Amino acid sequence: MGAGRRWAVDFSDNSTAPSSRDIPDPPGFTRASVDQDDSAVSRQKKDAEANWKAQKAWEVAQAPFKNLLMMGFMMWMAGSTVHLFSIGITFSALWQPISALQGVGKGKLSYDFYFSNAVDSSKFHFDFAVFEPYKDNKVDLLGPKLLFIALNLGGLALGVWKLNTLGLLPTHASDWVSSLSPAQEVEYSGGGIPL
Amino acid sequence: MAIRSFLIFFIFFFFSSLNPILSLYEDQVGLVDWHQQYLGKVKQAVFHTHKTGRKRVVVSTEENVVASLDLRQGEIFWRHVLGSNDVIDGIDIALGKYVITLSSGGSILRAWNLPDGQMVWESSLRGSKHSKSLLLVPTNLKIEKDNIVIIFSNGRLNAVSCIDGEVLWEKDFEGESLEVQHVIQPTGSNLIYVVGFASSSLFEMYQINALNGELLKHESAAFSGGFLGEVSPVFSETVVALDSTGLILLTISFQNGKISFQQMPISNLVKDSFGPAKIIPSSITGIFAIKMNAVTIVIRVTNENKLEVVEKTNHETSISDALSISEGQQAFALVQHAGHEIHLRVKLAHNWDDNLLKESVKMDQHRGLVHKIYINNYIRTDKSYGFRALIVMEDHSLLLLQQGEIVWSREDSLASIIDVTTSELPVERDGVSVAKVEHNLFEWLKGHMLKLKGTLMLASPQDIAAIQSMRLKNSEKSKMTRDHNGFRKLLIVLTRAGKLFALHTGDGHIVWSHLLQSLQKSKVCQHPIGLNLYKWQVPHHHAMDENPSVLVIGKCGPSSGAPGALSFVDTYTGKELSSLSLVHSVAQVIPLPYTDSTEQRLHLLIDADKYAHLYPKTPEAISIFEREFSNIYWYSVEDDSGIIKGHALRGKCTGEVADEVCFDTRELWSIVFPSESEKIIATVIRKQNECYVVNGGYGRWVVHTQAKVIADQEVIYKYISRNLLFVATVALKGSGEIGSVTPEESWLVAYLIDTVTGRILHRVTHHGSQGPVHAVFSENWVVYHYFNLKAHRYEMSVIEIYDQSRADNKDVWKLVLGKHNLTSPISLYSRPDVITKSQSYFFTHSVKAIAVTSTTKGITSKQLLIGTIGDQVLALDKRFLDPRRTVNPTQAEKEEGIIPLTDSLPIIPQSYVTHALRVEGLRGIITVPAKLESTTLVFAHGVDLFFTQLAPSRTYDSLTDDFNYALLLITIVALVAAIFVTWTLSERKELQENWR
């Protein structure tokens, strides 16, 4: 032992026997809480984490529901006539679930949103990253994912329904006929009262 | 709900504040519209050049206009347009302050205040016998201090007080078989001579006391040779006439009540005389003129009633009336043509040999000959007489000559437009000089800075005036090149004078004018009449280098068999490319939907013998024509016999008219209206330029879509046929004026007829209704205007026609996959299954013309343009004439834009296209699409011309004219600068943050 080193605490020392140390434990520190069986402690910890993850995942999966309500209110506000407001709302209502659904599969934040505003994209950010942290072998993400997908599909349906109420979906014959030019007549006739 | 409606209201407010409103603001007048006032060909002119007051000339014209013009500039002081059935017979100035007009065949006499043109009095003169109408204002004749006007009209001689128009006395000549030729009032006496012919060989003279109308003397003398035409008074008691052969001159003197004839064969006066002569009416003491073929002879009558020829000339000559310049001295003017010049001579009546004035004036060839001349004198500074002459040219223009120069001229031919077409301007070429651009840039910036000041309310009144004048005098709008929006075009107008004008749509200036060779009087063509204008060549992608040209069709004389005359005129330069005198007549002109490789449109001219002649006469045109031979039909409407006939082509002509381009025709069908119950009063087809895109490929419809979407996304298919004819007939009894029959006796029948097969697609009877019918046909609807006798109101009806045979095309998937037959060519011989919808509404105004707006692609909603009786143009949305209107439309129908049904059509004062102006004597309204889909160009013509741009659905596809680009530019620059500044600031702050 060198003279320069007076004392040192090795926190990495996992040994439970206090006798192996020359310095006693600080008061209030009970080594017992840390000193557990390695496998048992980690399993317990992991279970808690998994629980927490699952809970969080469900929470996140339910998040679009609030969004849905919000969207519904906005749509009601926008009315059924076509103008800038209603179109903007409808398209954001359509875009949000689509981008969220893309996030479910890929789980990567690799998209830029040129046409959504800052608030929306931060939300997407959350959505995207949402199932990545809860990825765990023990956590079954299928349920939350399905709910998330279902809710987003619901949002999409709401958007499409809104599009339809705005009359922007080509579901009628009139939407296809209007662009057709009138038929040509084979015969041609001219004349009138003699000049 | 309240929040939502508030939000919607807010959004609506926000958007509506961006859009320009439909009506005009006061400062927008004259930005895109222009208005020009004309008079028509001058019939008579009276000068008023007293020392006090402004010098003016009062004119009456063939368009029934009486106007007072400024003698210095030719501007109109005031003007009145009398109706087309109120023809002016004579005008004069009485008491130096009243303009007296005699009109309506001598039955209405009016006095107008000379300075401001207000009517002072009007009196109607009785009389039933049709006769010449003569107006005489004696200078020194008074009845009890009352100046009188002497009128001979309708077989009566009247003396009317100048002050209040009261008839002082009248003398009836109705009982006699007298044809009054002249009324003479010798100056200084109280006598009136009425001279005339009775039973073709009897000369009669009545001497009447001007003060009380008492008949003093009646003499008559027979002349076995008979009389021809007019008489010309040479002295107060001597007239000159021609015998019935036109070969012998008669000097008839009735001095002291004794009538004596002196005969003088013209051949004795003029050695090589030929043919019958005609007296040129004039009233110069001792001088008269006759015309034989092209030779004009001026003859002097001496005191002993001897005749001597003083001048004989081959040049076209016009002689003015006498102008008394001082006591007993009369001056008159003679105008003669010599090449590019006209020679004006002013002489004293009793002294032929000396000229008071002799001038030569250079005259534009495109004005033709001098038709009339009026002179007026003024006193020069050296106390000698100076003369000014007002001349009326062959092209109806009016010019003032003074001191050998044209002081001013008026293009009054534009008051009588026959037909209008349009032409594009040349495409802008490269090579604009830099200096010009810089200047323009500077001006541009300056202008926009001014505008910016105006927007920010910093402008002083001078600035505001400068902004306004800048807006009005925008040099862009009168440029001679094509613009991106298609607002700048040439309006090619054909006038009654046979003159073709090109007017610029920007500001209405005359780009060129051309007196057409083919419509000028010539040996072959004595009475040429201009008929129509057609687009002959409209170059676009195939033949871009060629200039567009128009075809002018005319004929020689009013009869149906008169030979036709064609002219082809380049619309960029106004040069007559060629002119043709046809051997055949022209009864119909059918522009065909085919063009040759140089973009010349094929035209079929049908003559009176029902032969078809193809133009242009090129092998290429013939081959194109023969390819489509069996698909070409034509129809004729014989309105006097009440028959509509359809014809088809049979083959080449045979016999004496055989020609490569002549085709024989055969009758296919005929519709005979019962002559006792139905008389054709109106036929209308769709406008030619709606059938084909004006500057696009042939055969393309301007109708945008064949389907009409109604409430709940249902589709109904329009029956769009270019071969539909609207015919309106009335009961024979009801063909007179409104109110001449009882409602039970009158009815109006409207037909829709297919002109290929002769099938009547729709027929509707309006009982108790009467003409006149004005109608307009567009897309699949027709709107017509008539009088309802039962309701005592005018009515407008709309008929919309829909195709039921296509109605089952409802499957979306079939339409998506293109498995339908909606665009495949159809034959009219396939049985059509149509339904019609119609509705009628009351309309307050009677109507002079109806037109409909047309746009390039036909997407923009349509407006009806109604020429009202007040000579204004009213725009009425077509939505008001929708047969699907109901009293209580459902929510879906409301959303579709259906207006709740009302019994009458609204007249919104803001929707007068002509705003505060009047297009006097309105005759026609023409709409031309601009290149910008939202905008249409409207040209209304009558005696006045009016032009404007209309956007029936507002200008949704362009920024408004007064959009402030400078403000936008400055805002962008400021924003960019702000971005840079904040960016550098934030960078710096971030750096400092990191260092901390």
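Just so we're clear, the structure is a prediction, and the values are computed from it rather than from any experiment.

> It is not clear to me how the overall build of chain A should be interpreted in this structure. Could you clarify?
When its secondary structure is counted, chain A shows six helices and one strand. When the helices and strands of chain A are read in sequence order from the N terminus, they spell out α-α-α-α-α-α-β. Scored against the burial criterion, the 195 residues of chain A give a buried share of 30%. If you sum the accessible surface of chain A, you get close to 12,400 Å²; carbon and sulfur atoms cover 62% of it.

> Looking at this structure, how should I read the sheet that holds strand 53 (residues 724-730) of chain B?
In any sheet, the strands associate via hydrogen bonds between backbone groups, in a parallel or an antiparallel arrangement. All names here are of chain B. Sheet architecture is open: four strands sit in the order 50-53-54-55, paired in antiparallel fashion. The sheet is open, and its two edges are formed by strand 50 (679-684) and strand 55 (760-767), each paired on a single side. Direction aside, the axes of adjacent strands within the sheet are offset by 20 degrees on average. As paired elements, strand 54 (residues 747-754) and strand 55 share seven bridges and run antiparallel to each other. Paired with Trp 747 across the strands is His 767, a residue of strand 55.

> Looking at this structure, how should I read the nonpolar core?
Generally speaking, nonpolar side chains in soluble globular proteins are found buried as a group. B:Val57, B:Val59, B:Leu390, B:Leu414, B:Phe939 and B:Leu945 are the most contacted members of the largest nonpolar core, which totals 36 residues. Residues contacting B:Val57, with those up to four places away along its chain left out, are B:Ala45, B:Val46, B:Phe47, B:Ala67, B:Ser68, B:Leu69, B:Leu71 and B:Leu390.

> Hey, could you run me through the state of the cysteines in this one?
Two cysteines form a disulfide when their sulfur atoms are joined by a covalent bond. Residue and element names in this part refer to chain B. Enumeration over the complete set of coordinates arrives at two disulfides over all chains. Sulfur-sulfur distance for the disulfide between Cys 653 and Cys 662 comes to 1.8 Å. Between Cys 653 and Cys 662 the disulfide shows an S-S torsion of about -65 degrees. By sign, it is left-handed. Take Cys 653: its relative accessible area is 7%, and that puts it in the buried class. On the basis of relative accessibility, which here comes to 0%, the residue Cys 662 falls in the buried class. Among the cysteines of chain B that take part in disulfides, numbered as they appear in the sequence, the pairing is 1-2, 3-4.

> When you look at the UniProt feature "transmembrane region" (unreviewed entry) in chain B in this model, what are you seeing that I'm missing?
Those residues carrying the UniProt feature "transmembrane region" (unreviewed entry) are residues 963-986 of chain B in this numbering. Taken end to end, residues 963-986 of chain B comprises 92% helix and 0% strand; its first and last C-alpha atoms sit 35 Å apart.

About the criteria used
- Residues numbered from 1 in each chain as written.
- Chains lettered and ligands numbered in written order.
- Predicted model: local features only at pLDDT ≥ 70, side-chain atom pairs only at ≥ 80, totals over all residues.
- Heavy atoms only, no water.
- Helix = DSSP H or I, 4+ residues; strand = E, 2+ residues; numbered from the N terminus.
- Buried < 20%, exposed > 50% of the residue type's maximum accessible area, 1.4 Å probe, protein only.
- Areas by Shrake-Rupley, 256 points an atom, 1.4 Å probe, with all protein chains shown as cover.
- Pairing = 2+ DSSP bridges.
- Axes fitted to C-alpha atoms, helices over the stretch in contact; angles between N-to-C directions.
- Core = buried A, V, L, I, M, F, W, Y, C linked by side-chain atoms within 4.5 Å.
- Contact = heavy atoms within 4.5 Å.
- Disulfide = S-S within 2.5 Å.
- UniProt positions renumbered as here; feature names shortened; annotations may be inferred.

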